Amino acid sequence: MITIAGAGLAGLSSALELARAGHIVRVYEASENIGSDSVSRYAGGMLAPWCERESADQTVVELANGAADWWEQITPVTRMGTLVVAPPRDQSELVRFSKRTRNYEWVHADEIAALEPALGNRFANGLFFETEAHLNPRTALRDLATEATKAGVEILCGTPAPKRVDLDCTGPASDLPDLRMVRGEMAILHCPDLNLTRTIRLLHPRIPLYLVPRGDGVYMIGATMIENSSARPISVRSLSEVLSAAFAIHPSFAEATVIETGSGLRPAFPDNLPRLVQSNGVAHLNGFYRHGFLLAPAMAAQVVHHFSKQGSHENHRQFQTV
Amino acid sequence: MRIYETDIATPLLLGTAQYPSPKVLQNAIKAAGCEIVTVSLRRETAQGTGAGFWDVIRQTGAKILPNTAGCHTAREAITTAQMARDIFETDWIKLEVIGHADNLQPDVFELVHAARVLSADGFKVFPYMTDDLVVGEKLIEAGCKVLMPWGAPIGSGQGLRNPDALRAMRAHFPDIPLIVDAGIGRPSDAAAAMEIGMDAVLLNTAVAKAGDPVQMARAMAMAVRAGRTGYQAGPMERRDVAVPSTPVLGLAELV
């Protein structure tokens, strides 16, 4: 049997893939409910490797390959693409963004209006990443747990892991060397007057913002990136910045209701890439940074590879030792 | 360059924000041979430990110059400086007091006040200022032994908007280290600052947001050295007419 500590994104996707590969798997989760302590509940749930490429390593694009298909087998995935826009005075940000990535097309007022009628006449230029997708993180994590259970995984909620497990997926709770926390803050707004159907990114030199539609007029907006391990609730400055950026996307947000705010700590390694590492004889999957939903499928496959090779002393290229 | 009894070989100071990852930041610092880096206390380390990111910077071996980025009053900046002294164990402080939300220009009145209080408290203050001679005089009178005039608004990448003002500062403060802080966009901007006699350049966005930050850090380091060496070598004066490089006297008689 393979035992896993942590029923978050890393633990559950690994458990599912291990069970699919024929292993008997047990997952220990300290909190009472799936996802209640997971940083992924504050995620955007974007499956947007090409937008991430603007600041992320090429490895992210490679590992993201097939992620949307993987998730679509488990949970609803909205495959509407990402629309990137900028206010008139920040058009140079669009040019900068476009130079750092690919797999997009330039769109102009008419095409933007055709994609998102609510944004017609608001933005003259944008970048459209047609192949990108998003999902609802909370639904997805729940569906992932259901899928894992169906595949035979035993998930023990409200049960702290024993001292010794085979795979540690405890995220921020892990004490791996080199792992740091990057704070993120977000808000969820209800704005029934507005109908946006796909992920919108607003480029702004100071307050870059993304907005992900959750359906029924609910929008998740975020998120800050702060090199800080404070878990306090969102600050006034961050909240006022993300709210004013939402207002810049569409003035209808002035009348929206703030139904939730949140902050979470994303575990990350110095290169901001996830790692499957061996520490004190235990395998750890950690450091998803802001790419949990995007990279969990590929990393779960690496976990399966690791456990199928175990005992044969074969060294996997991706497998590093701390 | 000698600042507050510390010799600096590479006249390039780097900010540590906005890099794609801490790993890239480390590599950029290394590629530039950068000896001093600035770290924002408010953003990176206040509340919570921020220890991971701070470790990454410490591993580079660069000297830390904490800054008060994001402070809008002298009072805030003073408190932030005191926290920075405890956390980073240094009496160096890059003093930033922002006066305008749009162009992030310093509030020089609050700046001079904070500089006076902090200098009296034993801090070695690096004030981020406009290129104003009078403000420079007041800061020196307040205890600053280095001045950091802006080249252009923070993060704008516009280069030196008023090189004449920087030349005037050089002439007016011959013995005070002058560091151009903010506004540098390209290596040629950094070289230009050094060529007119600035002692160093401090920049962040130009490297962090470049397509390849590590290469850009290297380019900036080469640029400041070229500019500095050019300044020391004494550039020629501009002329309005062409002068042939080859002497015209003593030509061979061909007839």
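Owing to the predicted nature of the structure, the values given are computational and were not obtained by experimental measurement.

Colleague: I'd like a description of the overall build of chain A, backed by residues and values.
Modeller: In terms of regular secondary structure, chain A is built from 9 helices and 18 strands. In terms of overall dimensions, chain A is globule-like: its C-alpha atoms have a radius of gyration of 20 Å, near the 20 Å expected for 322 residues. For chain A, the spread of C-alpha atoms along the principal axes amounts to about 60 × 35 × 35 Å. Expressed as a percentage of contacts within chain A between residues at least 6 apart in sequence, the contacts between residues at least 24 apart total 78%. Split by element, the accessible area of chain A, about 13700 Å² in all, is 49% carbon and sulfur.

Colleague: How would you summarise the pairing of strand β16 (residues 275–279) of chain A if you had to cite specific residues and measurements?
Modeller: All names here are of chain A. Within β16, 5 of the 5 residues are buried, leaving the element largely enclosed by the surrounding structure. Neither face of β16 is left uncovered, since the one carrying R275, V277 and S279 and the one carrying L276 and Q278 both have all their residues buried. As consecutive antiparallel partners, β16 and strand β17 (residues 282–286) are separated by 2 residues, and within that stretch N280 has a phi angle of approximately 50°, a positive value.

Colleague: Outline the pattern of salt bridges, listing residues and values.
Modeller: All names here are of chain A. Under the criterion given, the structure shown has 22 salt bridges over all chains. Notably, a salt bridge pairs D69 with R79, separated by 2.9 Å at the nearest N-O pair. One end of the pair, D69, is in helix α4 (residues 67–72); the other, R79, is in the loop between β4 (77–78) and β5 (82–85), and 10 residues separate them in sequence. For R79, a relative accessible area of 39% translates into the label partly exposed. The partner of K150 in a salt bridge is E147, with the nearest N and O atoms 3.7 Å apart.

Colleague: So what about a negative patch on the surface? Which residues, and what values?
Modeller: Residues and elements named next belong to chain A. A contiguous patch of negative charge on the surface is contributed by E105, D110, E111 and E130. Relative to the elements of secondary structure, E105 occurs in strand β6 (residues 105–108). By relative accessible area, which is 39% here, E105 ends up partly exposed.

Colleague: Lay out the sheet that holds strand β13 (residues 209–215) of chain A in plain terms, naming residues and giving numbers.
Modeller: All names here are of chain A. Strand order across the open sheet formed by 8 strands is β6-β7-β5-β12-β13-β14-β11-β15, with mixed pairing between neighbours. Every other strand in the sheet has two partners, leaving β6 and β15 (257–268) as the edge strands with one partner each. The sheet shows a mean angle of 25° between the axes of neighbouring strands, taken without regard to direction. Both strand β12 (residues 199–202) and β13 contribute to a ladder of 3 bridges, which runs antiparallel. Note that in β13 the partner of I200 across the bridge is L211. Each of β11 (180–190), β12, β13, β14 (218–222) and β15 touches helix α8 (residues 236–249); the most contacted strand, β13, lies at about 70° to it.

Colleague: Outline helix α7 (residues 163–172) of chain B, listing residues and values.
Modeller: Residue and element names in this part refer to chain B. Listed as buried for α7 are A165, L166, M169 and R170. With its buried residues spanning 145° around the axis, α7 presents them on a single face. For α7, exposure combined with an orientation more than 90 degrees from the buried face picks out D164 and A171. Considering only its buried residues, α7 is in contact with β7 (124–129), α6 (133–141), β8 (148–149), β9 (179–181) and α10 (213–233).

Colleague: So what about the domain arrangement of chain A? Which residues, and what values?
Modeller: All names here are of chain A. We note that the domain assignment places domain 1 (2–57 + 135–179 + 270–321) and domain 2 (82–130 + 180–267) within chain A. Using C-alpha coordinates to define each centre, domain 1 is positioned 28 Å away from domain 2. Taken residue by residue, the interface counts 28 residues in domain 1 and 28 residues in domain 2. For the pair domain 1 and domain 2, the summed buried area comes to about 2300 Å², and 59% of that belongs to carbon and sulfur atoms. At the junction of domain 1 with domain 2, the criterion picks out 3 salt bridges. For E54, the salt bridge is made with R96, and the minimal N-O distance between the two is 2.7 Å. Our count for the contact surface shared by domain 1 and domain 2 stands at 10 residue pairs in polar contact (both at pLDDT 80 or more). Listed by contribution, the elements that provide at least two residues to the side of domain 1 that touches domain 2 are α2 (49–52) and α7 (137–150). At 3 residues, α2 tops the list of elements feeding residues into the side of domain 1 that touches domain 2. Here the residues of the side of domain 1 that touches domain 2 sort into 14 nonpolar, 7 polar and 7 charged.

Colleague: Tell me what's going on with the packing of aromatic side chains, and back it up with residues and numbers.
Modeller: Summed over the entire model, instances satisfying the criterion amount to 7 aromatic pairs over all chains. Between A:W71 and A:F293 the ring centres are 5.3 Å apart and the planes differ by 55°, which places this aromatic pair in the tilted class. Pair noted here: A:W71 is in helix α4 and A:F293 is in helix α9 (residues 292–309), with a separation of 222 residues, a long-range link. The pair formed by A:W71 and A:F293 is uniform in burial state, with each residue classed as buried. Considering the side-chain rings of B:Y4 and B:F126, the 5.3 Å spacing of their centres and the 55° angle between planes classify their relative orientation as tilted. You can see B:Y4 sitting in the loop between β1 (2–3) and β2 (6–7) and its partner B:F126 sitting in strand β7, a full 122 residues away along the chain. Of the two residues, B:Y4 and B:F126, neither departs from the other in class, the shared state being buried. Members of the aromatic cluster, each reached through a chain of ring pairs, are A:W70, A:W71 and A:F293.

Conventions and cut-offs
Residues numbered from 1 in each chain as written. Chains lettered and ligands numbered in written order. Predicted model: local features only at pLDDT ≥ 70, side-chain atom pairs only at ≥ 80, totals over all residues. Heavy atoms only, no water. Helix = DSSP H or I, 4+ residues; strand = E, 2+ residues; numbered from the N terminus. Rg over C-alpha atoms; globule rule 2.2 N^0.38 Å. Contact = heavy atoms within 4.5 Å. Areas by Shrake-Rupley, 256 points an atom, 1.4 Å probe, with all protein chains shown as cover. Buried < 20%, exposed > 50% of the residue type's maximum accessible area, 1.4 Å probe, protein only. Pairing = 2+ DSSP bridges. Salt bridge = Lys/Arg side-chain N within 4 Å of Asp/Glu carboxyl O. Patch = residues over 30% accessible without salt bridge, like charges linked within 9 Å, V, L, I, M, F, W, Y side chains within 5 Å. Lys, Arg positive; Asp, Glu negative; His and termini not counted. Charge placed at Lys NZ, Arg CZ, Asp CG, Glu CD. Axes fitted to C-alpha atoms, helices over the stretch in contact; angles between N-to-C directions. Arc of directions from axis to C-beta. Domains from an automatic or database assignment. Buried area = accessible area lost by both parts, 1.4 Å probe. Polar contact = N/O pair within 3.5 Å; in protein donor to acceptor, adjacent residues only side chain to side chain. Nonpolar A, V, L, I, M, F, W, Y, C, P; charged D, E, K, R; others polar. Phe/Tyr/Trp six-rings, centres within 6.5 Å; stacked < 30°, edge-to-face > 60°.

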